[in-house]
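Examining the three-dimensional arrangement
Residue strings, one per chain:
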Amino acid sequence: MYRYDFVTSELFGITQHGVPGGSIPWKRDGSASILNANKTVMMVFGGSQAPAEALGDTWELDLSTFTWREFTEGVGDSPSRRYGSSIVWLEESQCALLFGGAFWLEQLYYNDLWCYSFIGHICSGHGLQ
């Protein structure tokens, strides 16, 4: 992982670690990432380790300490494993919306919408027509 300083135009390597007794996420591509409202935490969902291995885990990276934590909080369902999803932050409702994605090995292409509310930590999914 690297950090780019826009003022000095320098690229710095970052030492990352997991919470005590924890780990860091597997290498991946095609994940969906978003910053929380105050830009102190980055959330990462899903992705792929190889075309045959879609991931369905969610991780948080504390941007002040560069400490990873697997995100297990929440009430309700969660999205199936996938890669190539899009994610946006809705400031007014304090929630993240995750749309679509794919799982190539199973030839699945998703047309669903997931909302994760940071108020109450509730996750819900909706099929789209």
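Residues numbered from 1 in each chain as written. Predicted model: local features only at pLDDT ≥ 70, side-chain atom pairs only at ≥ 80, totals over all residues. Heavy atoms only, no water.

Moving on, we come to the pairing of strand 4 (residues 32–35). Burial of strand 4 is one-sided: the residues Ala32 and Ile34 facing one way are buried, the residues Ser33 and Leu35 facing the other way are not. Of the strand pairs in this sheet, strand 4 and strand 5 (residues 41–50) are connected by four bridges, and their pairing is antiparallel. Along strand 5, the bridge assignment pairs serine 33 with valine 44. Hairpin remark: strand 4 followed by strand 5, antiparallel, with five residues in the connecting loop; positive phi at lysine 39, about 60°. (Buried < 20%, exposed > 50% of the residue type's maximum accessible area, 1.4 Å probe, protein only. Helix = DSSP H or I, 4+ residues; strand = E, 2+ residues; numbered from the N terminus. Pairing = 2+ DSSP bridges.)

Once that is clear, we can look at a nonpolar patch on the surface. On the surface, Tyr2, Tyr4, Phe6 and Leu11 cluster together to form a nonpolar patch covering roughly 550 Å² of accessible area. Tracing the backbone through its elements, the reader meets leucine 11 in strand 2 (residues 10–13). (Patch = residues over 30% accessible without salt bridge, like charges linked within 9 Å, V, L, I, M, F, W, Y side chains within 5 Å. Areas by Shrake-Rupley, 256 points an atom, 1.4 Å probe, with all protein chains shown as cover. Salt bridge = Lys/Arg side-chain N within 4 Å of Asp/Glu carboxyl O.)

With respect to the element layout, threonine 67 can be found in strand 7 (residues 67–70). One polar contact links threonine 67 to threonine 65, side chain to side chain, over a distance of 2.9 Å. Setting aside chain neighbours within four positions, we find threonine 67 in contact with His17, Gly18, Val19, Glu60, Leu61 and Asp62. (Polar contact = N/O pair within 3.5 Å; in protein donor to acceptor, adjacent residues only side chain to side chain. Contact = heavy atoms within 4.5 Å.)

With that settled, consider the pattern of salt bridges. Here the structure, examined in full by the defined rule, presents four salt bridges. The salt bridge involving arginine 28 is made with aspartate 57; its shortest N-O contact spans 2.8 Å. With arginine 28 in the loop between strand 3 (17–18) and strand 4 and aspartate 57 in strand 6 (residues 53–62), this residue pair connects regions lying 29 residues apart in the sequence. Linking arginine 69 and glutamate 60 is a salt bridge whose minimum nitrogen-to-oxygen distance equals 2.7 Å. Note on arginine 69: relative accessible area 27%, which makes it partly exposed.

Turning to the pairing of strand 9 (residues 86–90), a few remarks are in order. Sheet topology places strand 9 next to strand 10 (residues 95–103); five bridges connect them, and they run antiparallel. From the neighbouring strand, tryptophan 89 faces strand 10, where its bridge partner is alanine 96. Between strand 9 and strand 10, which pair antiparallel one after the other, the connecting turn spans four residues, and glutamine 94 there sits at a positive phi close to 55°.

On to the environment of leucine 98. Summarising the element assignment, leucine 98 is placed in strand 10. Given a relative accessible area of 6%, leucine 98 falls into the buried group.

Moving on, we come to the confidence of the model for the protein. Chain-level pLDDT for the protein is 84 on average; 91% of the residues reach the 70-or-more range. Summarising per-element confidence for the protein, the mean pLDDT is lowest in strand 8 (residues 75–76) (64) and highest in strand 4 (92). (pLDDT = per-residue confidence, 0-100.)

Let's shift gears to the sheet that holds strand 6. Sheet architecture is open: five strands sit in the order 3-7-6-5-4, paired in mixed fashion. Only two strands of the sheet have a single partner each, and these edge strands are strand 3 and strand 4. Here strand 3 runs beside strand 7; their pairing, made up of two bridges, is parallel. Across the sheet, histidine 17 pairs through a bridge with threonine 67, a residue of strand 7.

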